Protein chains: 2
Amino acid sequence: MAERLSLQELADELNVSTSTISRVMNDKPGVGEKTRNRVLKAIKKYNYVSNSSARSLKTSKTGNIALLSRKRKERLISADYFQRSIIYIERELRKRSYHTIAMSLDDEEMENSSDLLMLKEKRVDGFIIRGPAIKPKFILDLKNSGLPVVLFGNELKQTEIDCVVCQDRKGTYNITKHLIEHGHKKILFLSGPEGWYTTDERKAGYSDALKEAGLTSRIINMTDTTIDTGKTFFKEAIKNTHPEITAVVAVNDSTAIGVLDEARCLGIKVPEDIAVVGFDDITWASLSYPPLTTVHAFLEEMGKITISRLLDLLEDPNLHPAKHIITTSLVIRKSCGC
Amino acid sequence: MAERLSLQELADELNVSTSTISRVMNDKPGVGEKTRNRVLKAIKKYNYVSNSSARSLKTSKTGNIALLSRKRKERLISADYFQRSIIYIERELRKRSYHTIAMSLDDEEMENSSDLLMLKEKRVDGFIIRGPAIKPKFILDLKNSGLPVVLFGNELKQTEIDCVVCQDRKGTYNITKHLIEHGHKKILFLSGPEGWYTTDERKAGYSDALKEAGLTSRIINMTDTTIDTGKTFFKEAIKNTHPEITAVVAVNDSTAIGVLDEARCLGIKVPEDIAVVGFDDITWASLSYPPLTTVHAFLEEMGKITISRLLDLLEDPNLHPAKHIITTSLVIRKSCGC
DNA sequence: CTGTTAGCGCGTTCAT
DNA sequence: ATGAACGCGCTAACAG
């Protein structure tokens, strides 16, 4: 590939000033029709693209957005959730001429948010933070950097901050109600750690449904929401603390799939002996055995809103924080037994 | 957060010149012990970090690496493969002070590689291209940009270019041989589109094993290597073209899992009626029903080498291209029936 | 409508 | 050992 052309070189080539070309490049007024066309043609001919560092230096805009996730230690369970959201967000950002810098941070790295170079280096214009398992302090540190932040699938409880979530509470309420309507009375909720937004909301939705039906709540707070915690805590429940249950509402599909797997190990038939339902509708929900009844979250639409919001914030950082809640829908498959 | 400090401001604060601080920042000689310490302390105190755009402009290094993948249209099946590699690569790069710009390109976007702004904008220092389903022209275009390129899980057939792969051929040879040793004689290979590196290699491995045993090859080239193509092509084979088979070697786990799913739909028992094996050892291989016998690829180690190589290339772009082949290992579970 | 000029914040000569 | 001056490539303010 030929050497990159600088603005100056192109200007010399055309016998115009750099400002003229700059004006044309940025679609600004103040250039005659004839000159503009001449410049446009040359830009195409020489395949001229402005140097992003120089532009950033001048404009203080990088054209990069950081997409931050938490790295889990356990078996990767939400992989397709991760992939679908990251791919969608990246592509949507790219359509609008932004690049995506992806990072997976473990808990330790989030402790030292001051280490996050990007923040001080001015390498990005804004942050998308994905998932519930992020420490509030980390989020606030980022927010205090002055750059726009939008949360995806999470909300801060004390501080108002832009966020995009699905109907966690209502979705779980609906699916729990579905089980109740099919005659279940002893329903266990496998929840995640207290304090995670989605977990708390979904737990509340479960409780809403049970309370409405006058049934007794049975809740277990797991240490995480993975296949493995699903297996472990379900086994413990069925063998010791809650042998009487006829249905399990899992806080997410990964947990539910862990339950399915463990049930198989224990010789418990799903849905004949126990009904199992999840939340998220990850790809594997349709491939598990039996296929999982769950709540579908519209990740793509959540992503779309996240990005629109972030870009709005980029234009006007003083917008008042908003919370965006996207609908969910119930997906009936086999694991609920109806 | 306080306003960012510029080099000049920090210099004024300390009554030294910007050059002195720059020297300290970049660990260069020519600064007295006492001054150096004083500067070091101030850097810490004011939390000074140099502006990345300005630095890039001056040094022509961005500190960004592009990680490119192909976006598939079908159900996402290799999600955890994707996630594991991207997370690992990103974290490993970050350890070495690089940021990762991730992009998922569809076929159309790869056609117009000239559109890839990054390339001309000088937004990245190098490229990692992940997966086999990438058009050679796209790779060559990138390579011709003059920036270092390393392929991950792919190889160019005509042009020498740095690449990191696993033992695709030998791995498939081994697992096929395993089936043969357990008495299978009519073994079908579900392959991907011709021309994809991994697919072709694995097919060759299958053929090696069959030839060695004096058995007849049965190969189907699918249009892609997903759960859905696995389902479709397996069904077609079992019902029409190859009803006699007793075992299926799938080109990857996604395909194998599609076969498992379709077998269940058709009332065919695995492994009793038909043995099924895959390749990759994605997380779901251990969770499918029955758990999948497969070939484990060491993604993390592949990622590590990819990065080391890319960084070496960054230092010396004239290194001779090298191909790195990482070992695989056979993982025996239930689906092969032994 | 167009060109000249002055930085953006940094690294790197070249003097001292 | 230190500092002054220059320029990386671009945009924007000011002249003309």
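For the structure, check the block above.
Residues numbered from 1 in each chain as written. Chains lettered and ligands numbered in written order. Predicted model: local features only at pLDDT ≥ 70, side-chain atom pairs only at ≥ 80, totals over all residues. Heavy atoms only, no water.

Draft legend 1. Region of the structure containing the protein's contact with DNA strand C. Near DNA strand C you find 25 residues, and of these R23(A), G32(A), T35(A), L7(B) and Y48(B) are the closest. Restricting attention to atoms of DNA strand C within 4 Å of the protein, one finds that 56% of them are sugar or phosphate atoms. Here a phosphate oxygen of DNA strand C sits 3.0 Å away from a polar atom, N or O, in the main chain of S17(A). One of the backbone N or O atoms of N51(B) is found 3.0 Å from a phosphate oxygen in DNA strand C. Residue assignment for the surface near DNA strand C shows that the elements contributing at least two residues are helix 2 (18-25) and helix 4 (52-59) of chain A together with helix 2 (18-25) and helix 4 (52-59) of chain B. Here the residues of the surface near DNA strand C are counted per class, giving 6 nonpolar, 13 polar and 6 charged. (Near = heavy atom within 4 Å. Polar contact = N/O pair within 3.5 Å; in protein donor to acceptor, adjacent residues only side chain to side chain. Helix = DSSP H or I, 4+ residues; strand = E, 2+ residues; numbered from the N terminus. Nonpolar A, V, L, I, M, F, W, Y, C, P; charged D, E, K, R; others polar.)

Draft legend 2. Quick look at helix 4 of chain A. Buried residues of helix 4 of chain A: S52(A), S53(A) and S56(A), and no others. All buried residues of helix 4 of chain A fall inside an arc of 100° around its axis, so they share one side. Close packing links the buried residues of helix 4 of chain A with helix 4 and helix 7 (117-121) of chain B. Among the residues of helix 4 of chain A, the N-terminal cap falls to N51(A), whose side-chain oxygen and the backbone nitrogen of S53(A) are separated by 2.8 Å. A positive backbone phi angle near 60° is found at S60(A), which sits one or two residues after helix 4 of chain A. (Buried < 20%, exposed > 50% of the residue type's maximum accessible area, 1.4 Å probe, protein only. Arc of directions from axis to C-beta. Contact = heavy atoms within 4.5 Å.)

Draft legend 3. Representation of the packing of helix 11 (residues 227-241) of chain B against helix 12 (residues 253-266) of chain B within the structure. All names here are of chain B. Direction vectors running N to C along helix 11 and helix 12 enclose 50°, while the axes themselves pass 7 Å from each other. Put simply, helix 11 runs oblique to helix 12. As for the relative orientation of helix 11 and helix 12, their crossing is right-handed in sense. Of the residues in helix 12, those in contact with I227, G230, K231, F234, K235, I238 and K239 of helix 11 are S254, T255, G258, V259, D261, E262, A263, C265 and L266. (Axes fitted to C-alpha atoms, helices over the stretch in contact; angles between N-to-C directions. Parallel < 35°, antiparallel > 145°, perpendicular 65-115°, else oblique. Left-handed = near helix turned anticlockwise from the far one by under 90°.)

Draft legend 4. Inspection of the side chain of D162(B) at higher detail. Residues and elements named next belong to chain B. Take D162: it is sitting in the loop between strand 4 (149-152) and strand 5 (163-166). Relative accessible area serves as the criterion here: at 2%, D162 is assigned to the buried category. Polar side-chain contacts of D162 include one of 2.6 Å to the side chain of R309. In this structure D162 touches V149, V150, L151, R309, L313, H320, P321 and A322, once residues within four positions along its chain are discounted.

Draft legend 5. Main features of the interface of chain B and chain A. At the interface, 56 residues of chain B touch 56 residues of chain A. Of the roughly 5500 Å² buried at the junction of chain B and chain A (both faces included), carbon and sulfur atoms supply 60%. There are 8 salt bridges connecting chain B and chain A. With its nearest N and O atoms 3.6 Å apart, the salt bridge here joins E109(A) to R94(B). Inspection of the region where chain B meets chain A yields 22 residue pairs in polar contact (both at pLDDT 80 or more). Mapped by element, the contributors of at least two residues to the side of chain B that touches chain A are helix 4, helix 5 (79-95), strand 2 (99-105), helix 7 and helix 12 of chain B. The element best represented in the side of chain B that touches chain A is helix 5 of chain B, accounting for 10 residues. Here the side of chain B that touches chain A is built from residues that sort into 21 nonpolar, 18 polar and 17 charged. (Buried area = accessible area lost by both parts, 1.4 Å probe. Salt bridge = Lys/Arg side-chain N within 4 Å of Asp/Glu carboxyl O.)

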